[in-house]
Every structure is written in C-alpha cells, then in structure tokens.
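# Structure at a glance
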Amino acid sequence: MTETLASAPAGTGTLAAPRWTAVCDYDDLQPERGVCALVGDRQVAIFRTYEGALYALSGHDPFSGANVLAWGIVGTRAGLPTVASPMYKQVFDLTTGRCLDDPAVSVPTFRVRRAGGRVEVAES
Amino acid sequence: MTSRLVVVGHGPAAHRLVEALRERDSAGRWRITVVGEEPRTAYDRVALTSYLTDGADLGYPPHDESVTVRTGERVTAIDRAAGVVRTDAGATLPYDALVLATGSVPFVPPVPGAENAFVYRTIDDLDALRAAVATSGDLTMSRRAAGVVVGGGLLGLEAARALQGLGLDTHVVEVAPWLMPRQLDEGGGAMLRRHIEALGMTVHTGVGLDRVEPGAVRLAGDVVIDAGVVVFSAGIRPRDDLARAAGLPVGERGGVVVDDACRTEDPRVFAIGECALVGGMVYGLVGPCFTMAEVVADRLLGGEARFTGADLSTQLKLMGVDVASFGDPSADALDVIYTDPVAGIYKRLVVSDDAQTLLGGVLVGDASSYPTLRAYVGAKLPGTPEQALFGGTEAAGGALPGATVICSCNNVTAGTIRAAIAEDGLTDVPAVKACTRAGTGCGSCVPLVKKILDAELTAAGVEVSKALCEHFDHSRAELFDIVRVRGITTFSQLIAEHGHGRGCDICKPVVASILASLGNGHILDGEQAGLQDTNDRFLANMQKNGTYSVVPRIPGGEITPEKLIVIGEVAREFGLYTKITGGQRIDLFGARVEQLPEIWKRLIDAGFESGHAYGKALRTVKSCVGSTWCRYGVQDSVALAIRLELRYRGLRAPHKIKSAVSGCARECAEAQSKDFGVIATERGWNLYVAGNGGMRPRHADLFAQDLDEDTLVRYIDRFLMFYIRTADRLQRTASWLENLEGGLDYLREVIVEDRLGICAELDAAMERHVAGYSDEWRAILEDPEKLRRFVSFVNAPGMPDPSIVFEPERDQIKPAMVEVTR
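In this text the structure is predicted, and so the values were computed from the model without any measurement.

For chain A, the helix and strand inventory stands at 0 helices and 9 strands. Taken from N to C terminus, the helices and strands of chain A fall in the order β-β-β-β-β-β-β-β-β. Within chain A, the proportion of its 124 residues that are buried is 48%. A separation threshold of at least 6 residues defines the contact pool for chain A, and within that pool the share at least 24 residues apart is 50%.

Time to look at the overall build of chain B. If you tally the helices and strands in chain B, you get 25 helices and 38 strands. Here chain B holds 822 residues, and 43% of them are scored as buried. Summarising the internal contacts of chain B: among those between residues at least 6 apart in sequence, 60% fall at separations of at least 24.

Further remarks concern the interface of chain B and chain A. The interface is formed by 31 residues belonging to chain B together with 34 residues belonging to chain A. Those elements that provide at least two residues to the side of chain B that touches chain A are α11 (429-436) and α16 (534-537) of chain B. In terms of residue count, α11(B) provides more of the side of chain B that touches chain A than any other element does, 3 residues in total. Taken together, the residues of the side of chain B that touches chain A sort by class into 11 nonpolar, 11 polar and 9 charged.

Turning next to the nonpolar core. Counting residues in each nonpolar core, the largest one holds 83 residues, and the members touching the most others are A37(A), I46(A), V121(A) and V511(B). Top contributing element to this core by residue count: helix α15 (residues 507-517) of chain B, with 7 residues. I46(A) has contacts with V23(A), L29(A), G34(A), V35(A), A37(A), L54(A), A56(A), V112(A), V119(A) and V121(A), leaving out every residue within four places of it along the chain. Formed by 74 residues, the second largest nonpolar core is a distinct cluster that contains L129(B), A162(B), L363(B) and Y370(B).

Bringing the sheet that holds strand β22 (residues 321-327) of chain B into the picture now. Residues and elements named next belong to chain B. Taken in spatial order, the 5 strands of this open sheet run β21-β22-β25-β24-β23, and their pairing is antiparallel. Every interior strand has two partners, whereas the edge strands, β21 (314-318) and β23 (334-340), have only one. Geometrically, the sheet is characterised by an average inter-axis angle of 10° between neighbouring strands, direction not taken into account. Relative to strand β25 (residues 358-364), β22 is paired through 5 bridges, and the arrangement is antiparallel. Residue pairing across strands places A324 opposite L363, the latter belonging to β25.

Once that is clear, we can look at the sheet that holds strand β7 (residues 91-93) of chain A. Residue and element names in this part refer to chain A. Sheet architecture is open: 3 strands sit in the order β5-β6-β7, paired in antiparallel fashion. In this open sheet, the two strands that pair with only one neighbour each are β5 (73-77) and β7. Each adjacent strand pair in this sheet contributes to an overall mean axis angle of 40°, direction not counted. Across 5 bridges, β5 lies against strand β6 (residues 80-84) in antiparallel orientation. From the neighbouring strand, T76 faces β6, where its bridge partner is P81.

Our next topic: the packing of helix α10 (residues 414-424) of chain B against α11(B). Residue and element names in this part refer to chain B. Taken N-terminus to C-terminus, the directions of α10 and α11 make an angle of 110°; their axes are 10 Å apart at the nearest point. What the angle tells us is that α10 and α11 run roughly perpendicular. In this structure, the crossing between α10 and α11 has a hand that is right-handed. Mapping the contact onto sequence places T416, I417, A420, I421 and D424 in α10 and V432, C435 and T436 in α11.

Let us look at the environment of F63(A). All names here are of chain A. Among the structural elements, F63 can be located in the loop between β4 (54-58) and β5. Along the chain, F63 and Q90 lie 27 residues apart, while their C-alpha atoms are 8.2 Å from each other. Those residues in contact with F63 that sit more than four places away from it in its chain are S85, M87, Y88 and Q90.

Take the pairing of strand β38 (residues 812-815) of chain B next. Residue and element names in this part refer to chain B. Pairing of strand β37 (residues 806-809) with β38, which is carried by 4 bridges, proceeds in the antiparallel orientation. By the bridge assignment, F806 is partnered in β38 with P815. In this structure, the hairpin formed by β37 and β38 is closed by a connection of 2 residues, where R810 is found at a positive phi of approximately 45°.

What follows covers the environment of P385(B). Mapped onto the secondary structure, P385(B) falls in helix α9 (residues 385-391). Sequence separation between P385(B) and R348(B) is 37 residues, and the spatial gap between their C-alpha atoms is 9.9 Å.

The subject of this paragraph is the pairing of β22(B). With 6 of 7 residues buried, β22(B) is to be regarded as a mostly interior element. As consecutive antiparallel partners, β21(B) and β22(B) are separated by 2 residues, and within that stretch M319(B) has a phi angle of approximately 50°, a positive value.

All names here are of chain B. Every buried residue of helix α14 (residues 491-498) is accounted for by F491, L494 and I495. Along the long axis of α14, the arc covered by the buried residues comes to 90°, so they all point the same way. Among the exposed residues of α14, those pointing more than 90 degrees away from its buried face are A496 and E497. Among the structural elements, α13 (476-486) and α15 are those in contact with the buried residues of α14.

Another point: unusual backbone geometry. Of note, the phi angle at D222(B) is positive, near 60°, even though the residue is not glycine. Of note, D222(B) is situated in the loop between β14 (216-219) and β15 (223-226).

All names here are of chain B. Interaxial distance between helix α1 (residues 12-24) and helix α7 (residues 286-300) falls to 8 Å at its minimum, and their mutual angle equals 35°. Where α1 crosses over α7, the two elements pack in a sense that is right-handed. The segment α1 lies against α7, with P12, A13, R16, L17, A20, L21 and R24 engaging V286, C289, F290, M292, A293, E294, V296, A297 and L300. Its residues assigned to classes, the contact of α1 with α7 shows 13 nonpolar, no polar and 3 charged.

Okay, helix α5 (residues 186-198) of chain B next. Residues and elements named next belong to chain B. The end-to-end C-alpha distance of α5 is 18 Å, a good match for the 18 Å that 13 residues give at a rise of 1.5 Å each. Contacts made by the buried residues of α5 are with β12 (202-205), β22, β24 (345-351) and β25. Two residues or fewer past α5, G200 is found with a positive phi of approximately 95°.

The next point concerns the confidence of the model for chain B. Residues and elements named next belong to chain B. Summarising the model, chain B shows a mean pLDDT of 89, and 95% of its residues fall at 70 or more. Contacts from residues 138-142, a stretch scored under 50 in pLDDT, to residues over four places away or in other chains number 3 contacts. Across the assembled chains, the prediction reports ipTM 0.87 with pTM 0.56.

In this section: the confidence of the model for chain A. On average, residues of chain A score 86 in pLDDT, and 86% of them reach the 70 mark or higher. Between residues 1-14 of chain A, whose pLDDT stays under 50, and residues either more than four places distant or in other chains, the model counts 27 contacts.

What counts as what
- Here the residue numbering is sequential within each chain, running from 1 through the sequence in written order.
- Following the order in which they are written, the chains are lettered starting with A and the ligands numbered starting with 1.
- Confidence filtering applies because this is a predicted model: local features only for residues at pLDDT of at least 70, side-chain atom pairs given and counted only at 80 or more, and all residues used for totals across whole chains, interfaces and linings.
- Runs of H or I in DSSP of at least four residues are treated as helices and runs of E of at least two as strands, each being numbered from the N terminus.
- Comment: burial labels come from other C-beta atoms within 10 Å of the residue's own C-beta, placed from the backbone, where a count of 20 or more is buried, 12 or fewer is exposed, and between is partly exposed.
- Once C-beta atoms are placed from the backbone, any two residues with those atoms within 7 Å are in contact.
- In this count, Pro and Cys sit with the nonpolar residues alongside Ala, Val, Leu, Ile, Met, Phe, Trp and Tyr, while Asp, Glu, Lys and Arg are called charged and the others, Gly among them, polar.
- For our purposes the nonpolar core covers buried Ala, Val, Leu, Ile, Met, Phe, Trp, Tyr and Cys residues that link as a set through C-beta atoms within 7 Å.
- Here the rule is simple: two strands pair whenever DSSP picks up at least two bridges between them.
- Think of each axis as a best-fit line through the C-alpha atoms, taken over the contacting stretch in the case of a helix, with angles from 0 to 180 degrees between the N-to-C directions.
- Comment on the angle field: the value is read as roughly parallel under 35 degrees, roughly antiparallel over 145, roughly perpendicular from 65 to 115, and oblique elsewhere.
- The handedness criterion is simple: a crossing whose near helix is rotated anticlockwise from the far helix by less than a right angle is left-handed, and one whose near helix is rotated clockwise is right-handed.
- The arc in question is formed by the directions pointing from the helix axis toward the C-beta atoms.
- Each helix should span, by expectation, one fewer than its residue count multiplied by 1.5 Å.
- Every residue carries a pLDDT, the predictor's confidence in it, which falls somewhere between 0 and 100.

Structure follows, in structure tokens:
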C-alpha cells in the first residue's frame with residue numbers, strides 16, 4: 001500500500017510513473033453515485049462529485065470488512081467531499097481517505113484521472 | 001528497548017491483561033511470557049456449566065504470536081532479588097515486571113470425608129465429576145442416583161444445575177437461612193427457592209454439613225441424604241502461597257495485598273483477579289477482575305489508572321430464573337416490596353427515608369428493570385418508588401444519572417458524554433460520536449445521545465438547533481412543507497435555494513423520502529438515485545458481508561402453495577438462506593448485487609412484487625386467520641389486512657410503518673404493537689395508533705371504536721399522511737405521538753373533526769399515492785439504464801465480488817466473515 005497521496009488531477013507529474021488502468025467511460029459515472037472497479041485484485045471505489053471532480057478510495061470498508069464503500073452516500077462535511085459507509089455510516093474524506101468520525105482509521109486512496117472520455121485509475 | 005513481563009496463571013484475568021497490553025502497546029515495549037498450570041490456555045470459567053451440559057468450547061481466542069504461553073507448567077518460586085521465577089519444568093524466567101494471576105481454590109470445609117468430595121472450578125474438575133457421575137449411576141441401579149451440592153450461592157446453584165443436567169436427583173445445602181445470602185434478602189431467597197424446587201431440586205437451608213460418608217452425606221441434626229456425588233461450592237480462597245513464600249504481604253484471610261494500582265509492596269510485582277486483596281476486598285466476580293487487568297495494562301505502559309472498588313451489582317439467569325441485586329440491598333432505610341407468588345416475582349427497592357433516593361434492591365423472577373434501576377442507585381428517583389418498581393424509570397436524557405451506560409457496545413456513560421460535550425465544546429452528534437465512541441457500535445443509542453446533547457446545550461444556554469444537519473437549518477417537517485408548497489422536485493434545487501454544501505447521509509435520505517412521499521417517480525430516477533440510503537440504493541437489504549436480502553410482498557401473510565413453491569425454487573436455484581420474518585413473509589438472504597434483477601425477474605413472473613422491506617415505508621399488515629376459519633373470529637381480518645396492505649404499499653414515510661389486523665379481541669395478530677392496528681369487534685373495527693415493538697415497546701392507543709370499514713380507512717389515510725408531513729427524521733409514530741403537543745386528543749381533533757382544515761388535502765394526497773403506485777422492481781427490470789447499475793464491478797459487469805464467501809450451517813449458507821482488523 002504505497003499509494004497514499006490524494007488523487008491527482010489529470011496531467012500531474014509524479015516521481016515514479018504510475019501505471020494507469022482504464023476502468024469505464026466518464027459518462028458511466030453519475031454525479032454523487034459511486035461505482036466499484038476491479039484493478040488487479042484491488043477493489044476501488046470511484047466517485048464523481050457534483051462539480052465533476054473524480055476521487056478513488058479502496059472499496060473495502062475497514063469497519064465492517066465488506067467491500068461496500070462505493071455504495072455510500074456522497075456529500076460534503078465542512079466543505080470537504082465525503083462518502084459515508086453504507087454499512088455503519090462512518091464518513092470518509094474523499095481527498096485523503098481519512099475517517100472523519102474516527103481519526104485513527106483511514107482507507108487507501110488511488111490516483112484517478114479523466115483521459116479523453118475514459119476514467120483511469122493508477123494501480124498502487 | 002523491550003522489557004520482559006511474566007504472568008503467573010492463565011485464567012480470565014491473565015488473558016484480559018495480555019490482550020489489553022497487546023492492544024495498547026503499539027511500540028512493543030513488553031515481551032510477554034505467561035505460565036499456566038492447567039493443560040490448556042485460558043477459557044471462560046463463568047460458563048463452566050455449559051461445558052458440562054452442552055459440551056461448549058469455552059476457550060478464549062489465542063493471543064498473537066508474540067506472546068509465549070507455557071501451559072501445563074507451574075511456577076514454584078519467585079526470586080525477587082534475582083528478578084526471576086522458577087518453574088516445575090526446571091525453567092528460570094527473568095522478569096522486569098511480574099503479575100500474579102493465580103486465582104483461587106474452592107474452599108473445602110474441614111469435615112470428615114471431605115477428601116471424597118468434588119469441587120467445581122476447572123475443566124479438569126468437571127471431567128472428574130462427569131466420570132464419577134457415570135460410575136455412581138452404575139452403582140445405584142435400583143433407583144435414580146442423587147448428588148449434593150454444598151453451598152447455595154451463585155457458584156453452588158450453577159453446580160446444582162450441572163448435576164441436574166447430568167441426570168442426578170439434586171440437593172442443595174446452604175448453611176445460611178436462605179439461598180444466595182450474599183446477594184439476596186430473605187424474601188428474594190425464598191422466592192428463588194420456590195423456583196428451584198419447582199425445577200425438581202431439594203433445598204436444605206439453615207443447616208450445616210456434618211460429614212461425607214461413602215454413598216451418603218450427613219447433615220447436622222442427623223439428616224442423611226443418600227448420594228453418590230458431593231460437590232463443594234462454598235466459597236473461594238485466594239491462592240497467595242507464591243507471594244507468601246516470596247515475603248510479600250498477604251491478608252489475614254488470604255489474598256496478596258496490593259494498592260489501587262494493583263501493585264504489591266515490591267514495585268515490580270503486581271497481583272490481579274481472585275488472588276489479589278485490593279482495598280481490603282477479594283473479588284470473585286469476573287467484572288472487577290477484568291478491571292484490575294486493565295489497570296495493570298495501563299500501569300505497565302506508564303499510565304495512572306487506579307482500581308477504585310467495584311459495583312457488585314449482579315444480574316444473572318439462574319436455571320431460567322432472573323435474579324438481580326444492585327446497590328446496597330441491606331441498607332437500613334425504607335423498603336418497598338412487591339411479591340407475586342403466582343408469577344414467582346419478588347421485587348424490593350431500598351430507598352432513603354424521604355423515599356426520594358434509591359439505595360439498592362433485589363429482583364427475582366423479573367429483572368427487566370435492572371439496567372435503569374442500577375443506574376439510579378445513589379440518585380433521586382424520577383417518580384415514586386412504586387413507579388420505579390413497575391415501570392422501570394423512563395427518563396429523559398437530561399435526567400439520567402452520570403453512571404448510566406448509554407452505549408453498551410463501547411461502555412460509554414452519560415457522564416462521559418456530558419463531560420466531552422462541555423470540555424470539547426461539542427455541538428452535534430457526529431462530534432460526540434467521534435470524541436466518545438458512543439453510538440459507533442450498533443447505533444441503537446444514538447437517539448439517547450442526541451437527547452443528552454440537546455439537554456446539555458439547552459442547559460448551557462446554547463439554542464438547540466432543530467437543524468437536520470450542517471446542510472439544512474430546517475427540521476424535516478419544515479423541509480417537507482418547503483418541498484410541498486414550492487413544488488420542488490430535485491435535491492439540487494432544494495439545497496441551492498434553502499441549504500449549504502452538497503448534503504450528507506443524514507439529509508439526502510430525508511429529502512429522498514420527502515420527494516417519494518410526494519410522488520416524484522421512481523426512487524432511482526436521475527438525481528434521486530444518489531440520495532437513497534443503503535437499502536433503497538439497490539432496493540434490497542444490505543447484510544453484514546455486503547450481500548443483500550430479498551423480501552417479496554405477501555399481503556396479509558396469505559399465500560398460495562404455488563407461490564410458496566416459487567419462493568422455494570428461487571431460493572434453491574440462487575443458493576439463498578431463507579427465514580420466515582416476524583411480518584408473515586419470507587426473507588431470502590445472500591444475494592449478490594448482480595443477482596438481484598435475475599431473482600426479481602423470477603418472482604415478478606410468478607406474480608410477486610416488491611415488499612419494500614428495504615424502505616422507510618409500509619412493511620406488512622399482519623393478520624390472524626379471522627372469521628373465515630377461526631371458531632372465535634368475528635370479522636374477516638385477512639381480507640381487511642390485504643386491503644390495507646395493498647392500499648398503503650410503497651408509501652414512503654419518515655420511518656418504517658408496521659400494521660396488523662386481528663379478527664377478534666383475542667388479538668392474535670398483535671395489532672396493539674403496531675404503528676396502526678385494527679381489532680375486530682361485534683359491531684365493526686377498533687383502530688389503535690402509535691404502537692411499537694422493538695427497542696422501546698409501546699402499547700398502541702385506542703383511537704376510535706366500532707368503525708365501519710370506510711371510516712376506518714379514511715382515518716388511517718389521514719393518520720399516515722399527517723404523520724408523514726410532521727414527523728422528524730427516523731421518528732416512528734410512537735415517539736411522534738408522544739412528542740405531539742396535545743397528544744391523542746389533539747390527533748383526534750385533527751383527523752376526526754378536521755380542526756386544522758387539512759383533511760381534504762390529506763385525503764387527496766393519499767388518493768394520489770394509491771393511484772400512482774407501481775411496483776418499483778418491475779420498473780427496474782423494464783429500464784436498461786437502471787438495470788446496468790446492478791453490478792459489483794463497473795469494469796467486469798458479470799463478475800461477483802470474490803471476497804463474498806459463505807459457509808454451511810444447519811443445511812443453509814451463512815456469511816463466512818474474515819476478522820475485521822483496523
């Protein structure tokens with residue numbers, strides 16, 4: 001789990017060149033409604049906000065152990081974009097993966113970008 | 001740098017100490033070695049009887065691999081000067097800290113023949129007892145073998161249950177005048193005796209033991225019981241011999257003397273559990289022993305935790321009888337006593353001379369009010385002692401004593417919550433949850449947490465906001481009116497004009513529900529899809545492993561054999577777990593997201609429709625079989641239940657709605673525990689409203705009597721629509737009515753007399769709902785755009801989530817859960 005940076009907008013340079021995997025069309029994503037993608041053997045929850053920004057977190061909910069984070073409600077808390085786990089409702093910051101209800105817990109984030117009409121995720 | 005911890009003994013207290021230390025010692029400061037003389041690692045001693053009667057596996061989970069556990073080995077000496085312990089296996093174990101957790105031995109009275117009796121403490125003791133019972137049966141073929149337990153306390157009665165479970169005629173001998181003399185008063189002990197005698201045991205109280213003879217037990221006064229097996233369970237003695245030999249102080253009646261840090265006079269040596277004498281007391285209950293373990297774990301990591309005595313209140317179920325004792329039941333003050341010999345109930349409260357403050361009490365036969373009563377010990381009762389005796393203590397959050405445990409998952413008290421609110425300036429529930437962990441387990445205490453928060457903020461002069469969340473300054477009822485009056489149809493419009501930010505898991509489902517109640521098309525249409533809560537999102541109920549359960553509607557609980565067979569076939573084909581629900585229908589568990597449409601295709605083809613088990617909506621209208629079949633029925637309850645269920649199906653509300661119809665006053669459908677319930681009379685129907693089962697049961701109120709069917713339906717229409725318009729988020733009808741100013745009388749004025757002049761509106765709203773209903777699941781199957789969202793993976797649509805695994809149990813599946821690590 002080396003990738004812990006916030007998801008980077010398209011075109012941002014990085015030190016180690018990430019390997020991007022196309023997962024779906026941008027139009028497959030509905031605003032504020034997540035999807036889950038299989039990237040290698042990782043389950044990645046991808047979110048498109050109301051404004052159109054993309055975020056990707058591990059789909060694994062650390063509180064329940066189930067892969068359900070993609071099905072949570074997307075919103076904001078104090079201006080930060082968030083998703084609430086659909087299982088026990090802990091809220092996670094989409095930019096950092098940090099759990100805002102339990103600061104000791106965080107989930108891995110992934111890089112995600114829009115490349116043409118496609119959405120790409122960087123494997124960690 | 002690591003230090004070495006040696007723990008002597010591996011019972012429950014030692015196990016808890018090691019677990020607590022491993023959990024908190026993130027820097028790995030301590031390397032732990034545990035030496036236990038039993039041939040097995042720690043197990044749950046409290047549950048010993050179930051080992052004997054059910055063969056239960058009592059073992060605690062093993063420690064992690066960094067902990068060395070040496071079983072079957074006994075520490076023979078402590079060399080404090082050298083800082084080592086020596087064992088009977090010839091090992092010398094150096095320590096930087098030493099914890100004695102050697103427990104206790106059963107007290108064996110010094111009577112002739114005592115060496116032939118059994119004790120009841122370890123698994124080995126139980127194995128020996130079982131072997132002896134098997135033999136004694138052989139010896140006394142002529143009649144049923146008997147067993148005697150000496151000691152009528154907690155442990156003695158446990159042992160008696162075990163003997164009876166092994167098929168022996170069981171006698172209990174207690175030297176005190178009544179059973180459980182340490183916990184109960186005379187009246188409680190007498191009531192417990194009646195229960196135990198009713199189970200077929202013989203009780204001898206106020207009589208001592210004279211001697212144990214081969215095949216018999218002789219009591220004082222020449223009473224002889226023919227018995228092959230005798231068990232001593234008459235108290236414990238701390239095992240302090242190691243400490244004594246090492247020159248550490250021990251108490252006069254035994255026990256290693258420790259301070260409130262559980263430390264002996266040697267700063268490197270601690271004692272915990274039943275071998276420790278702390279504050280002049282030896283504790284035999286597991287709770288205080290665990291507390292001592294936690295104290296030492298904290299001290300080993302440089303903390304300041306102290307053991308300040310323990311609440312000896314206990315509640316247990318002894319042979320099916322509820323027994324509880326709390327506070328100081330022997331306090332010299334006023335007694336309020338209630339005895340019901342028929343039901344076998346004894347209750348006694350001890351209150352201060354002014355009858356205001358609860359000092360203690362005893363409950364036998366019915367201990368349901370124990371949790372609240374215990375919380376009030378030392379505090380002023382909110383009502384009269386009689387009310388406390390019969391109703392428990394229904395208190396508002398603000399009045400609860402500080403010691404009341406609010407969140408039992410994380411053991412958070414009202415006092416802790418109040419302190420956090422005051423010290424950290426908390427103003428909302430998420431902050432309280434993050435700060436105290438209250439409400440982060442099962443979540444059932446969140447409403448109580450909110451009440452406490454509101455009470456604290458009011459007391460602090462902060463205006464309590466009725467704001468739904470940080471995104472809306474309005475209550476749910478206000479938002480409902482805004483949406484209705486202004487004709488708003490999207491969340492985006494509502495939040496842009498009346499809110500802030502982009503919403504959250506609180507306000508979005510509320511708005512989704514309001515939009516659905518007002519009829520805005522399918523709940524997964526367009527933007528509405530992103531507002532739906534967990535279960536509504538896939539129109540199914542999410543279970544703990546991320547799979548879903550499916551519940552087709554079975555109106556009134558009436559179903560044809562053909563439809564039953566289809567449900568069975570679908571369950572078999574998709575490998576689903578099936579269970580009958582409390583609402584007279586069938587729940588199918590273990591479906592993956594991508595299977596839901598295929599399952600519903602089969603069900604809809606067979607004539608089923610959504611049961612809305614996933615929605616805050618009408619669930620079921622339960623019914624008894626009614627006058628069609630029943631010899632006592634006076635009306636056709638099934639037909640009415642079906643009519644009502646079909647009328648209100650799909651109606652979205654602030655919370656779920658349950659209903660039932662009973663065909664006569666015998667009330668077999670339990671209508672008085674429902675949001676609206678109907679009971680047949682000779683002349684028509686009685687309507688009950690605002691009942692509830694669940695966590696806070698409430699009997700429904702009789703709203704109107706002997707109604708004809710059309711009037712009944714009209715009243716229910718208005719009741720539901722008025723509730724939907726005015727209730728708070730997640731407020732059931734029971735709490736809504738309790739908080740409705742003017743209560744039931746006001747509700748009658750609104751619904752029957754049209755005091756607010758809104759009945760025509762309410763009627764029209766319900767007509768729109770009935771006319772606009774269509775099956776949500778059929779609509780999904782007919783819409784390819786919605787259908788393609790029912791996948792686990794956007795980039796592998798047919799693929800199931802590989803982490804979902806099942807294992808068999810009782811010929812069905814169950815989730816195979818991997819351990820959650822955080």
